[in-house]
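Fold and geometry: a report
Here's the letter readout for the chains.
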Amino acid sequence: MTTQIGVLVMSYGTPESLDGVEAYYTHIRRGNPPSPEQLKELKDRYEAIVGGVFPLRENTDRQVEALQEALNKDNRDPEVEYVCFQGLKHAHPFIEDGVQAMADQGITRSVGVVLAPHYSAMSVGGYIKRAKEKAESMGIEMAFVESYHLHPKLIEVLANRLSRRLDEFEEAGANRDEVRVLFSAHSLPERILATGDPYRDQLLETSQAIADKTGVKSWQFTWQSAGRTAEPWLGPDILDTLRELSKEQVKYVLSAPIGFVSDHLEVLYDLDIEAQNIAAELDMRLMRIESLNSDPGYMEVLSDVVRSKADQWKADRS
Ligand SMILES: CC1=C(CCC(=O)O)c2cc3nc(cc4[nH]c(cc5[nH]c(cc1n2)c(C)c5CCC(=O)O)c(CCC(=O)O)c4C)C(CCC(=O)O)=C3C
Ligand SMILES: [Fe+2]
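The protein chain is annotated in an unreviewed UniProt entry as Coproporphyrin III ferrochelatase from Paenibacillus stellifer. UniProt lists a comment for the protein chain under the heading Subcellular location (unreviewed entry), and it reads "Cytoplasm". UniProt, in the comment section headed Catalytic activity (unreviewed entry), describes the protein chain in these words: "Fe-coproporphyrin III + 2 H(+) = coproporphyrin III + Fe(2+)".

Some details on the site of ligand 1
Lining the immediate surroundings of ligand 1 are 24 residues, of which Y12, T14, Y46, Y127 and L265 lie closest. At 2.9 Å from a nitrogen atom of ligand 1 is found a side-chain nitrogen or oxygen belonging to Y12. Between ligand 1 and H186 there is a distance of 3.2 Å, counted from a nitrogen atom to a side-chain nitrogen or oxygen. The fraction of the free accessible surface of ligand 1 (870 Å²) that becomes covered by protein chains is 90%.

Here's the deal with the environment of S262
Here S262 shows up in the loop between strand 7 (252–256) and helix 9 (265–268). Counting along the chain gives 18 residues from S262 to A280, while the straight-line C-alpha distance between them is 24 Å. Contacts of S262, omitting those with residues within four sequence positions, involve L56, N59, Q63, V267, S291 and N293.

Scoring rules and cut-offs
Residues numbered from 1 in each chain as written. Chains lettered and ligands numbered in written order. Predicted model: local features only at pLDDT ≥ 70, side-chain atom pairs only at ≥ 80, totals over all residues. Heavy atoms only, no water. UniProt positions renumbered as here; feature names shortened; annotations may be inferred. Near = heavy atom within 4 Å. Polar contact = N/O pair within 3.5 Å; in protein donor to acceptor, adjacent residues only side chain to side chain. Areas by Shrake-Rupley, 256 points an atom, 1.4 Å probe, with all protein chains shown as cover. Helix = DSSP H or I, 4+ residues; strand = E, 2+ residues; numbered from the N terminus. Contact = heavy atoms within 4.5 Å.

Dropping the structure here:
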């Protein structure tokens, strides 16, 4: 008899439409509605990238579908069938809805994984906490993938994307060594460092591994998309980094937002519009590596870490 293993695929979530932005933003702000100015500012950003269409939603749907396919194709264990469910942090279907859907289907064992490779108690830790609480209340056993930031296949697919852009710089007349590579990720409040959070170290490890694999020597790590709150966030921000590099006469910059896996606001607005505008002002040539989205290599990474969790957890029980 085959056993179904549920896979809760968790991601940040995005509104369904411009009308949904207020409820979404209110959820991010833990129930505090944004001011009219804050709301307008966020809606303007969404309009700038998509004119009312939200690419992250379709992207996440496709990733979940592709992961389920990858998990069941070449399945090492014919007695197991994987069934994927989506669980979003700030939008429908919420993390709790995903767990509920598993329970409704009679699933009692599951693995949770987040569409973000690096662990922080403030990001991935928050997803896991909510899934765990709901799963416990529904009597579902759940194991979690916490991070996969050094998975060899992840490094390989990111390194390939980086190399491709370096080739393009070369074709455009630049020397490979003249290109400064800027690895980046979503900033978090500085206070995470005081508690020994692994987020920054994991991001630096991914950066170093990609640099090693591609032979890139001229690279640095910088933050992006910091929140607009009074407390200090991790820096330097990518916009300031670009200004600094301009003073150093750097002309070619390659952005590698390794903290993200999908095309969404932080990539399509913060990098492709905001950072591109600064680069143009500074007379720099800025390119960005392609997002992973549902790249088959990324799906391999996810299916591998999910299967390993499921195997480990089967071994623990027997
Ligand atoms: C670590 C991290 C990731 C990466 C890991 C992961 O993927 O989980 C991430 C991803 C994303 N963040 C997103 C959107 C937003 N994040 C905000 C605000 C915040 N993000 C935070 C952290 C992170 N965010 C934090 C600490 C805040 C402050 C409020 C709070 O304490 O929670 C705000 C409010 C306005 C603003 O500040 O800009 C928005 C609109 C979207 C969806 C974009 C789309 O719809 O295309 C995605 C993928
Ligand atoms: Fe965010």
